[in-house]
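Summary of structural features
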Amino acid sequence: EPEVTQTPSHQVTQMGQEVILRCVPISNHLYFYWYRQILGQKVEFLVSFYNNEISEKSEIFDDQFSVERPDGSNFTLKIRSTKLEDSAMYFCASTRGGGTEAFFGQGTRLTVV
Amino acid sequence: AQTVTQSQPEMSVQEAETVTLSCTYDTSESDYYLFWYKQPPSRQMILVIRQEAYKQQNATENRFSVNFQKAAKSFSLKISDSQLGDAAMYFCAYRSPYLSNTGNQFYFGTGTSLTVIP
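Residues numbered from 1 in each chain as written. Chains lettered and ligands numbered in written order. Predicted model: local features only at pLDDT ≥ 70, side-chain atom pairs only at ≥ 80, totals over all residues. Heavy atoms only, no water.

Concerning the state of the cysteines
Let me state the cut-off plainly: Two cysteine sulfurs form a disulfide in these notes if their separation is within 2.5 Å. A run of H or I in DSSP becomes a helix once it reaches four residues, and a run of E becomes a strand once it reaches two; helices and strands are each numbered from the N terminus. Under the scheme applied here, a residue whose accessible area is under 20% of the maximum for its type counts as buried, over 50% as exposed, and between as partly exposed, the area being computed with a 1.4 Å probe on protein chains only.
Taken as a whole, this structure holds 2 disulfides over all chains when the rule is applied. The partner cysteine of Cys23(A) in its disulfide is Cys92(A), sulfur to sulfur 1.9 Å. Taking the sign of the torsion about the S-S bond as the criterion, the disulfide between Cys23(A) and Cys92(A), at about -65°, is left-handed. Pair noted here: Cys23(A) is in strand 3 (residues 19-24) and Cys92(A) is in strand 9 (residues 88-95), with a separation of 69 residues, a long-range link. Each member of the pair Cys23(A) and Cys92(A) is classed as buried. Here Cys23(B) pairs with Cys92(B) through a disulfide, and the sulfurs are 2.0 Å apart.

Looking at unusual backbone geometry
Note the cis peptide between Thr7(A) and Pro8(A), where omega equals -10°. Positive phi, normally seen in glycine, also occurs at Ala16(B), with a value near 80°. Note that Ala16(B) resides in the loop between strand 2 (10-14) and strand 3 (19-21). Owing to a relative accessible area of 45%, Ala16(B) belongs among the partly exposed residues under this scheme. Despite not being glycine, Asp81(B) has its phi angle at roughly 50°, a positive value. Summarising the element assignment, Asp81(B) is placed in the loop between strand 9 (74-79) and strand 10 (88-95).

Section: the interface of chain B and chain A
Filter applied, for reference: Any two residues whose heavy atoms approach within 4.5 Å are treated as being in contact. As a working definition, buried area equals the accessible area (1.4 Å probe) given up by two parts on being put together, with both sides summed. The salt bridge definition used is simple: a Lys or Arg side-chain nitrogen within 4 Å of an Asp or Glu carboxyl oxygen. Counting of polar contacts relies on pairs of N or O atoms within 3.5 Å, with two restrictions inside protein: one atom must be capable of donating a hydrogen and the other of accepting it, and residues adjacent in sequence are counted only when both atoms are side-chain atoms. For this classification, the nonpolar set comprises Ala, Val, Leu, Ile, Met, Phe, Trp, Tyr, Cys and Pro, the charged set comprises Asp, Glu, Lys and Arg, and every other residue, Gly included, is treated as polar.
At the interface, 22 residues of chain B touch 26 residues of chain A. Carbon and sulfur atoms supply 52% of the area buried between chain B and chain A, which totals about 2000 Å² over both sides. The tally of links from chain B across to chain A stands at 1 salt bridge. A salt bridge links Glu101(A) to Arg50(B); its shortest N-O distance comes to 3.5 Å. Between the two partners, chain B and chain A, sit 9 residue pairs in polar contact (both at pLDDT 80 or more). Mapped onto the side of chain B that touches chain A, the elements with two or more residues apiece are strand 5 (33-39), strand 6 (46-52), strand 10 and strand 11 (106-108) of chain B. For the side of chain B that touches chain A, the element with the most residues is strand 5 of chain B, which contributes 4 residues. Its residues assigned to classes, the side of chain B that touches chain A comprises 10 nonpolar, 9 polar and 3 charged.

If you want it as structure tokens, here you go:
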């Protein structure tokens with residue numbers, strides 16, 4: 001069964017450093033998302049990506065964040081100048097179409113120290 | 001923005017019994033999609049069940065079923081014959097259709113933590 005794959009599963013970084021979280025969505029999917037979940041709290045939307053551009057972004061997704069689909073298969077989230085409050089589980093998701101369910105990756109746990 | 005509300009932060013159920021998790025949402029749209037996702041301790045989000053708003057029939061998936069009340073904007077999840085493996089956080093989610101001007105993101109509730117008692 002196809003699945004969304006995220007790497008790394010856990011990343012520890014020092015405050016102020018840049019991190020890149022990687023995702024490989026399901027191959028025939030068209031919509032891609034990044035969500036984050038601070039431990040034990042709600043799932044927060046960051047950004048959606050469709051047709052090689054950002055289709056929506058939340059207030060959280062400011063200039064510190066960027067996304068790319070560099071090679072037609074990978075979907076990356078870059079966080080510049082990380083802050084302690086960026087520590088969270090980051091989920092990538094993809095969907096085949098406008099009304100279908102999202103398939104989530106297993107998440108990347110980001111710890112900023 | 002759409003809002004999704006789960007008013008039960010925690011629920012518990014005896015093994016083999018039935019439990020119902022509540023979800024309400026707020027929207028002005030007539031067409032949309034609703035989902036229940038399960039998040040076990042491994043943290044991966046797993047789809048449990050999906051409901052299209054234009055369908056009057058409630059969705060079912062084995063031991064999982066929903067009670068979709070469109071007029072009341074309510075979407076509850078019923079788990080029958082609860083098993084230890086059902087213990088997890090359960091999230092209700094809303095999604096607008098493709099052509100909606102409110103976008104195509106998923107809006108999640110705050111989750112209900114379900115404990116299954118042996």
